[in-house]
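A structural walkthrough
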Amino acid sequence: MKVLVTGGMGYIGSHTCIQMLAAGMTPIIIDNLYNSKPSVLGRIKEVTGVDVQFIEGDIRDKAFLTKVLKANDIQSVIHFAGLKAVGESVEKPLEYYDNNVHGTLVLVDAMREAGVSSLIFSSSATVYGDPASVPIKEDFPTSATNPYGRSKLIVEECLTDFQHANPDWSITLLRYFNPVGSHPSGKLGEDPQGIPNNLMPFIAQVAVGRREHLSIFGNDYPTIDGTGVRDYIHVMDLADGHIAALNGVGAKAGLHTYNLGAGKGYSVLEMVQAFEKASGNPIAYQFAPRRAGDIAECWADSSKAEHDLGWKATRTVDEMTQDTWRWQSHNPQGYPDEQA
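Residues numbered from 1 in each chain as written. Predicted model: local features only at pLDDT ≥ 70, side-chain atom pairs only at ≥ 80, totals over all residues. Heavy atoms only, no water.

Keep this limit in mind: UniProt positions are given in the numbering used here, feature names are shortened, and annotations may be inferred rather than shown by experiment.
Per an unreviewed UniProt entry, the chain carries the name UDP-glucose 4-epimerase and comes from Vibrio renipiscarius. For the chain, the Pathway (unreviewed entry) comment in UniProt is given as "Carbohydrate metabolism; galactose metabolism."

1. A word on the sheet that holds strand 9 (residues 229–230)
Our working rule: Pairing between two strands requires that DSSP report at least two bridges joining them. Only DSSP runs of H or I reaching four residues or more are called helices, and only runs of E reaching two or more are called strands; each is numbered from the N terminus.
The 3 strands are arranged 12-9-14 in an open sheet whose pairing can be described as mixed. The open sheet terminates on both sides in strands that have one partner only, identified here as strand 12 (266–267) and strand 14 (297–298).

2. Regarding the nonpolar core
Applied cut-off: Remark: nonpolar core denotes a set of buried residues (Ala, Val, Leu, Ile, Met, Phe, Trp, Tyr, Cys) joined through side-chain atoms within 4.5 Å. In this scheme, a residue with accessible area under 20% of its type's maximum is buried, one over 50% is exposed, and one in between is partly exposed, where area comes from a 1.4 Å probe on protein chains only. What makes two residues a contact is simply this: any of their non-hydrogen atoms within 4.5 Å.
With 38 residues, the main nonpolar core has M20, I44, L260, L309 and W311 as its most contacted residues. Contributing elements (two or more residues each) for this core: strand 1 (2–6), helix 1 (11–22), helix 2 (39–48), strand 6 (170–176), helix 8 (235–249), strand 11 (254–260) and helix 10 (303–309). Looking at this core, the element that brings in the most residues is helix 8, giving 8 residues. Look past the residues within four positions of W311 in its chain and what remains in contact with it is I233, D237, D240, G241, A244, N259, L260, G261, S302, A305 and E306. Core analysis: the next-biggest nonpolar cluster, separate from the first, contains 27 residues, I28, V108, V116 and W169 among them.

3. Here we look at the pairing of strand 5 (residues 118–124)
This is how the line gets drawn: Crossovers are marked right-handed if the path from the first strand over the helix to the second runs clockwise, as seen with the strands pointing away from the viewer.
Burial of strand 5 is extensive: 7 of the 7 residues sit out of reach of the surface. One ladder, built from 3 bridges, connects strand 4 (residues 76–79) with strand 5; its direction is parallel. Looking at the pairing, H79 lines up with F121 of strand 5. With 7 bridges joining them, strand 5 and strand 6 adopt parallel strand pairing. Looking at the pairing, F121 lines up with L173 of strand 6. Remark: the strand 5/helix 6 (residues 147–165)/strand 6 crossover connection has right-handed handedness.

4. What about the sheet that holds strand 5?
Heads up, the condition is: Helix axes are fitted to C-alpha atoms over the stretch in contact, other axes to C-alpha atoms as well, and angles between N-to-C directions run from 0 to 180 degrees.
The strand order across the open sheet formed by 7 strands is 3-2-1-4-5-6-11, and the pairing between neighbours is parallel. Single-partner strands in this sheet number two, and they are strand 3 (53–56) and strand 11. Averaged over all adjacent pairs, the angle separating strand axes in this sheet is 20°, with direction ignored. With 5 bridges connecting them, strand 1 and strand 2 (residues 26–31) associate as parallel partners. Across the sheet, T6 pairs through a bridge with I30, a residue of strand 2. Those strands touched by helix 1 are strand 1, strand 2, strand 4 and strand 6, and its axis lies near 165° from that of strand 2.

If you want it as C-alpha coordinates, here you go:
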(Lines give C-alpha, C1' and ligand atoms only; values in the text may rest on other atoms or scores of the structure.)
Protein backbone atom coordinates (compact mmCIF):
# COMPACT_ATOMS: atom_id res chain seq x y z
CA MET A 1 0.00 0.00 0.00
CA LYS A 2 1.37 3.40 -1.02
CA VAL A 3 0.43 6.08 1.50
CA LEU A 4 1.07 9.81 1.25
CA VAL A 5 2.16 11.10 4.66
CA THR A 6 1.81 14.87 4.99
CA GLY A 7 4.06 16.25 7.71
CA GLY A 8 5.90 12.95 7.70
CA MET A 9 9.18 14.52 8.80
CA GLY A 10 7.60 15.66 12.05
CA TYR A 11 7.48 13.95 15.41
CA ILE A 12 4.44 11.69 15.03
CA GLY A 13 4.76 11.39 11.27
CA SER A 14 8.33 10.09 11.32
CA HIS A 15 7.57 7.44 13.94
CA THR A 16 4.48 6.37 12.00
CA CYS A 17 6.55 6.00 8.81
CA ILE A 18 8.86 3.59 10.65
CA GLN A 19 5.92 1.47 11.80
CA MET A 20 4.38 1.58 8.33
CA LEU A 21 7.58 0.20 6.83
CA ALA A 22 7.60 -2.58 9.42
CA ALA A 23 4.02 -3.38 8.39
CA GLY A 24 4.98 -3.66 4.70
CA MET A 25 3.51 -0.31 3.64
CA THR A 26 5.22 2.32 1.48
CA PRO A 27 5.10 5.82 2.94
CA ILE A 28 5.80 8.80 0.68
CA ILE A 29 6.49 11.92 2.69
CA ILE A 30 5.66 15.52 1.90
CA ASP A 31 6.65 18.24 4.34
CA ASN A 32 7.51 21.94 4.14
CA LEU A 33 10.09 21.54 6.97
CA TYR A 34 8.51 24.38 8.96
CA ASN A 35 8.87 22.45 12.23
CA SER A 36 11.21 19.62 11.20
CA LYS A 37 14.65 19.02 9.71
CA PRO A 38 15.92 17.17 6.62
CA SER A 39 18.18 14.98 8.79
CA VAL A 40 15.08 13.09 10.01
CA LEU A 41 15.15 11.20 6.71
CA GLY A 42 18.61 9.77 7.44
CA ARG A 43 17.47 8.66 10.89
CA ILE A 44 14.51 6.80 9.41
CA LYS A 45 16.93 4.97 7.11
CA GLU A 46 19.29 4.19 10.03
CA VAL A 47 16.44 2.49 11.88
CA THR A 48 14.73 0.77 8.93
CA GLY A 49 17.40 0.41 6.24
CA VAL A 50 14.96 1.99 3.76
CA ASP A 51 15.34 5.17 1.72
CA VAL A 52 11.89 6.72 2.11
CA GLN A 53 10.81 9.04 -0.68
CA PHE A 54 10.59 12.64 0.52
CA ILE A 55 9.19 15.54 -1.51
CA GLU A 56 9.44 19.03 -0.07
CA GLY A 57 6.29 21.09 -0.49
CA ASP A 58 3.30 22.71 1.20
CA ILE A 59 -0.19 21.28 1.68
CA ARG A 60 -1.67 24.63 0.62
CA ASP A 61 -0.26 24.13 -2.91
CA LYS A 62 -2.98 22.21 -4.75
CA ALA A 63 -1.08 21.81 -8.03
CA PHE A 64 1.87 20.32 -6.15
CA LEU A 65 -0.33 17.93 -4.16
CA THR A 66 -2.30 16.78 -7.17
CA LYS A 67 0.88 16.06 -9.11
CA VAL A 68 2.37 14.02 -6.24
CA LEU A 69 -0.86 12.06 -5.71
CA LYS A 70 -1.20 11.18 -9.38
CA ALA A 71 2.48 10.42 -10.02
CA ASN A 72 2.86 7.98 -7.13
CA ASP A 73 -0.29 5.84 -7.37
CA ILE A 74 -1.29 6.83 -3.84
CA GLN A 75 -3.99 4.69 -2.22
CA SER A 76 -4.47 6.56 1.05
CA VAL A 77 -3.35 9.74 2.81
CA ILE A 78 -2.38 10.23 6.45
CA HIS A 79 -2.60 13.94 7.17
CA PHE A 80 -0.27 15.05 9.97
CA ALA A 81 0.82 18.43 8.61
CA GLY A 82 -0.44 21.08 11.00
CA LEU A 83 0.51 23.67 13.58
CA LYS A 84 -0.08 22.22 17.03
CA ALA A 85 0.73 24.51 19.98
CA VAL A 86 -2.18 25.73 22.11
CA GLY A 87 -0.36 28.78 23.46
CA GLU A 88 0.95 29.83 20.07
CA SER A 89 -2.50 29.45 18.54
CA VAL A 90 -3.89 32.02 20.97
CA GLU A 91 -1.24 34.47 19.75
CA LYS A 92 -1.40 33.52 16.05
CA PRO A 93 -4.94 32.36 15.27
CA LEU A 94 -4.88 33.38 11.62
CA GLU A 95 -1.79 31.26 10.92
CA TYR A 96 -3.48 28.26 12.57
CA TYR A 97 -6.66 28.59 10.53
CA ASP A 98 -4.68 29.11 7.33
CA ASN A 99 -2.45 26.07 7.77
CA ASN A 100 -4.75 23.67 9.60
CA VAL A 101 -8.14 24.44 8.04
CA HIS A 102 -7.31 25.90 4.62
CA GLY A 103 -4.45 23.42 4.15
CA THR A 104 -6.71 20.43 4.80
CA LEU A 105 -9.37 21.67 2.40
CA VAL A 106 -6.75 22.10 -0.33
CA LEU A 107 -5.48 18.57 0.37
CA VAL A 108 -8.95 17.01 0.12
CA ASP A 109 -9.65 18.92 -3.09
CA ALA A 110 -6.39 17.60 -4.56
CA MET A 111 -7.26 14.06 -3.43
CA ARG A 112 -10.65 14.35 -5.12
CA GLU A 113 -9.02 15.48 -8.36
CA ALA A 114 -6.48 12.65 -8.18
CA GLY A 115 -9.11 9.99 -7.39
CA VAL A 116 -7.80 9.16 -3.91
CA SER A 117 -10.67 8.63 -1.46
CA SER A 118 -9.08 7.34 1.76
CA LEU A 119 -7.96 9.84 4.41
CA ILE A 120 -6.77 9.48 7.98
CA PHE A 121 -6.80 12.83 9.76
CA SER A 122 -4.59 13.71 12.71
CA SER A 123 -7.10 15.27 15.09
CA SER A 124 -6.88 16.02 18.79
CA ALA A 125 -8.61 15.52 22.13
CA THR A 126 -8.82 19.32 22.28
CA VAL A 127 -12.02 19.01 20.23
CA TYR A 128 -13.76 17.91 23.44
CA GLY A 129 -13.14 21.34 24.96
CA ASP A 130 -13.49 21.28 28.76
CA PRO A 131 -15.18 17.88 29.20
CA ALA A 132 -17.98 17.51 31.75
CA SER A 133 -16.54 14.18 32.88
CA VAL A 134 -13.71 11.72 32.27
CA PRO A 135 -12.86 9.33 30.71
CA ILE A 136 -13.85 10.88 27.39
CA LYS A 137 -15.76 8.88 24.79
CA GLU A 138 -16.09 9.64 21.08
CA ASP A 139 -19.77 10.57 21.41
CA PHE A 140 -19.10 13.33 23.96
CA PRO A 141 -20.08 16.87 22.92
CA THR A 142 -17.38 18.77 21.07
CA SER A 143 -16.29 22.35 21.58
CA ALA A 144 -13.05 24.32 21.64
CA THR A 145 -11.27 26.43 24.24
CA ASN A 146 -8.50 27.76 21.98
CA PRO A 147 -7.79 28.42 18.26
CA TYR A 148 -5.72 25.23 17.88
CA GLY A 149 -8.59 23.09 19.13
CA ARG A 150 -11.07 25.11 17.09
CA SER A 151 -9.02 24.55 13.93
CA LYS A 152 -9.14 20.78 14.50
CA LEU A 153 -12.86 20.89 15.24
CA ILE A 154 -13.60 22.96 12.13
CA VAL A 155 -11.66 20.46 10.00
CA GLU A 156 -13.56 17.56 11.57
CA GLU A 157 -16.85 19.28 10.73
CA CYS A 158 -15.71 20.01 7.17
CA LEU A 159 -14.62 16.40 6.66
CA THR A 160 -17.87 15.11 8.15
CA ASP A 161 -19.90 17.21 5.72
CA PHE A 162 -17.69 16.16 2.82
CA GLN A 163 -17.95 12.46 3.64
CA HIS A 164 -21.74 12.68 3.90
CA ALA A 165 -21.79 14.25 0.44
CA ASN A 166 -19.29 11.65 -0.86
CA PRO A 167 -20.36 8.39 0.84
CA ASP A 168 -17.83 6.27 -1.08
CA TRP A 169 -14.96 8.00 0.78
CA SER A 170 -13.29 6.56 3.87
CA ILE A 171 -12.44 9.35 6.32
CA THR A 172 -11.00 8.52 9.73
CA LEU A 173 -10.68 11.07 12.52
CA LEU A 174 -8.04 10.05 15.07
CA ARG A 175 -8.31 12.11 18.23
CA TYR A 176 -4.91 11.99 19.93
CA PHE A 177 -4.43 12.65 23.57
CA ASN A 178 -0.85 13.63 24.60
CA PRO A 179 1.88 11.95 22.52
CA VAL A 180 5.21 11.56 24.30
CA GLY A 181 8.24 9.27 24.16
CA SER A 182 10.65 8.44 21.36
CA HIS A 183 11.76 5.57 19.19
CA PRO A 184 13.46 3.04 21.52
CA SER A 185 16.66 3.24 19.44
CA GLY A 186 17.18 6.83 20.57
CA LYS A 187 17.57 7.82 16.89
CA LEU A 188 14.25 9.63 16.56
CA GLY A 189 12.32 11.80 18.96
CA GLU A 190 10.52 15.06 19.49
CA ASP A 191 12.59 18.06 18.43
CA PRO A 192 10.47 21.22 18.57
CA GLN A 193 11.96 24.26 16.88
CA GLY A 194 12.34 27.12 19.34
CA ILE A 195 10.90 26.95 22.85
CA PRO A 196 8.92 23.72 23.39
CA ASN A 197 5.19 24.15 23.82
CA ASN A 198 4.58 20.64 25.16
CA LEU A 199 5.50 19.27 28.56
CA MET A 200 7.75 16.30 27.81
CA PRO A 201 10.27 17.95 25.45
CA PHE A 202 10.55 20.86 27.87
CA ILE A 203 11.25 18.53 30.80
CA ALA A 204 13.81 16.69 28.66
CA GLN A 205 15.59 19.92 27.74
CA VAL A 206 15.77 20.92 31.41
CA ALA A 207 17.17 17.48 32.29
CA VAL A 208 19.86 17.72 29.61
CA GLY A 209 20.83 21.27 30.59
CA ARG A 210 19.43 23.21 27.63
CA ARG A 211 16.94 25.10 29.80
CA GLU A 212 17.16 26.30 33.38
CA HIS A 213 13.75 25.27 34.65
CA LEU A 214 10.29 24.09 33.71
CA SER A 215 7.33 26.44 34.09
CA ILE A 216 4.25 24.60 35.34
CA PHE A 217 1.20 26.60 34.30
CA GLY A 218 -1.25 26.42 37.17
CA ASN A 219 -1.05 24.60 40.51
CA ASP A 220 -4.60 25.34 41.65
CA TYR A 221 -6.59 22.97 39.46
CA PRO A 222 -9.04 20.59 41.17
CA THR A 223 -6.69 17.61 40.65
CA ILE A 224 -4.59 15.27 42.77
CA ASP A 225 -1.78 17.82 43.28
CA GLY A 226 -3.20 20.99 41.72
CA THR A 227 -1.43 20.55 38.38
CA GLY A 228 -3.12 19.62 35.10
CA VAL A 229 -3.85 15.94 34.43
CA ARG A 230 -3.45 14.52 30.93
CA ASP A 231 -3.52 11.20 29.12
CA TYR A 232 0.05 10.59 27.90
CA ILE A 233 0.41 8.05 25.09
CA HIS A 234 3.71 6.69 23.80
CA VAL A 235 4.34 7.88 20.25
CA MET A 236 5.04 4.29 19.16
CA ASP A 237 1.59 3.22 20.40
CA LEU A 238 0.14 6.20 18.56
CA ALA A 239 1.99 5.22 15.38
CA ASP A 240 0.63 1.69 15.68
CA GLY A 241 -2.85 3.20 15.94
CA HIS A 242 -2.47 4.62 12.42
CA ILE A 243 -1.47 1.21 11.05
CA ALA A 244 -4.52 -0.31 12.74
CA ALA A 245 -6.74 2.39 11.25
CA LEU A 246 -5.33 1.90 7.75
CA ASN A 247 -5.81 -1.85 7.96
CA GLY A 248 -9.15 -1.72 9.75
CA VAL A 249 -11.11 1.07 8.07
CA GLY A 250 -8.79 2.69 5.49
CA ALA A 251 -10.65 0.93 2.66
CA LYS A 252 -14.06 0.96 4.36
CA ALA A 253 -16.42 3.70 3.18
CA GLY A 254 -17.74 5.88 5.96
CA LEU A 255 -16.76 8.34 8.67
CA HIS A 256 -14.76 6.67 11.42
CA THR A 257 -13.86 8.42 14.68
CA TYR A 258 -11.50 7.04 17.34
CA ASN A 259 -9.80 8.21 20.50
CA LEU A 260 -6.14 7.23 20.72
CA GLY A 261 -5.03 7.49 24.32
CA ALA A 262 -3.65 5.33 27.11
CA GLY A 263 -6.82 5.63 29.15
CA LYS A 264 -5.16 6.95 32.31
CA GLY A 265 -4.36 10.44 33.53
CA TYR A 266 -1.08 11.67 35.03
CA SER A 267 -0.45 15.08 36.55
CA VAL A 268 2.38 17.37 35.47
CA LEU A 269 4.17 16.76 38.79
CA GLU A 270 3.81 12.99 38.39
CA MET A 271 5.43 13.24 34.95
CA VAL A 272 8.25 15.38 36.38
CA GLN A 273 8.89 12.74 39.03
CA ALA A 274 8.84 9.94 36.44
CA PHE A 275 11.39 11.81 34.32
CA GLU A 276 13.66 12.41 37.30
CA LYS A 277 13.63 8.65 37.87
CA ALA A 278 14.37 7.89 34.20
CA SER A 279 17.16 10.44 33.80
CA GLY A 280 18.68 10.40 37.28
CA ASN A 281 18.64 14.21 37.15
CA PRO A 282 16.59 16.65 39.21
CA ILE A 283 14.10 18.72 37.21
CA ALA A 284 13.97 22.35 38.38
CA TYR A 285 10.50 23.84 38.04
CA GLN A 286 8.54 26.94 38.95
CA PHE A 287 4.82 27.47 39.11
CA ALA A 288 3.31 30.04 36.75
CA PRO A 289 -0.24 31.30 36.14
CA ARG A 290 -2.63 29.14 34.19
CA ARG A 291 -2.47 29.45 30.40
CA ALA A 292 -5.48 30.63 28.45
CA GLY A 293 -7.30 27.67 26.95
CA ASP A 294 -5.94 24.99 29.31
CA ILE A 295 -8.27 22.64 31.19
CA ALA A 296 -7.91 20.73 34.47
CA GLU A 297 -8.00 17.11 33.36
CA CYS A 298 -8.44 15.05 30.24
CA TRP A 299 -8.05 11.35 29.54
CA ALA A 300 -9.49 8.88 27.08
CA ASP A 301 -11.80 5.97 26.84
CA SER A 302 -10.17 4.20 23.87
CA SER A 303 -12.26 1.04 24.04
CA LYS A 304 -13.87 1.74 20.66
CA ALA A 305 -10.46 1.57 18.92
CA GLU A 306 -9.71 -1.65 20.78
CA HIS A 307 -13.06 -3.16 19.75
CA ASP A 308 -13.05 -2.04 16.11
CA LEU A 309 -9.35 -1.97 15.24
CA GLY A 310 -7.76 -4.37 17.72
CA TRP A 311 -5.57 -1.51 18.96
CA LYS A 312 -4.65 -0.69 22.54
CA ALA A 313 -1.86 1.41 24.06
CA THR A 314 0.55 -0.91 25.87
CA ARG A 315 3.68 1.13 26.68
CA THR A 316 4.10 2.44 30.22
CA VAL A 317 5.03 5.84 31.66
CA ASP A 318 8.44 4.38 32.53
CA GLU A 319 8.95 3.47 28.85
CA MET A 320 7.75 6.93 27.78
CA THR A 321 10.24 8.73 30.01
CA GLN A 322 13.12 6.30 29.47
CA ASP A 323 12.79 6.47 25.68
CA THR A 324 12.52 10.26 25.78
CA TRP A 325 15.66 10.49 27.90
CA ARG A 326 17.53 8.10 25.59
CA TRP A 327 16.69 10.36 22.65
CA GLN A 328 17.46 13.63 24.43
CA SER A 329 20.70 12.47 26.09
CA HIS A 330 22.01 11.10 22.78
CA ASN A 331 20.82 14.19 20.88
CA PRO A 332 21.07 17.10 23.34
CA GLN A 333 20.53 19.68 20.58
CA GLY A 334 17.96 17.60 18.71
CA TYR A 335 18.42 16.63 15.08
CA PRO A 336 21.38 18.08 13.19
CA ASP A 337 20.41 20.90 10.84
CA GLU A 338 21.50 19.14 7.67
CA GLN A 339 21.17 15.66 6.28
CA ALA A 340 24.20 13.63 7.34
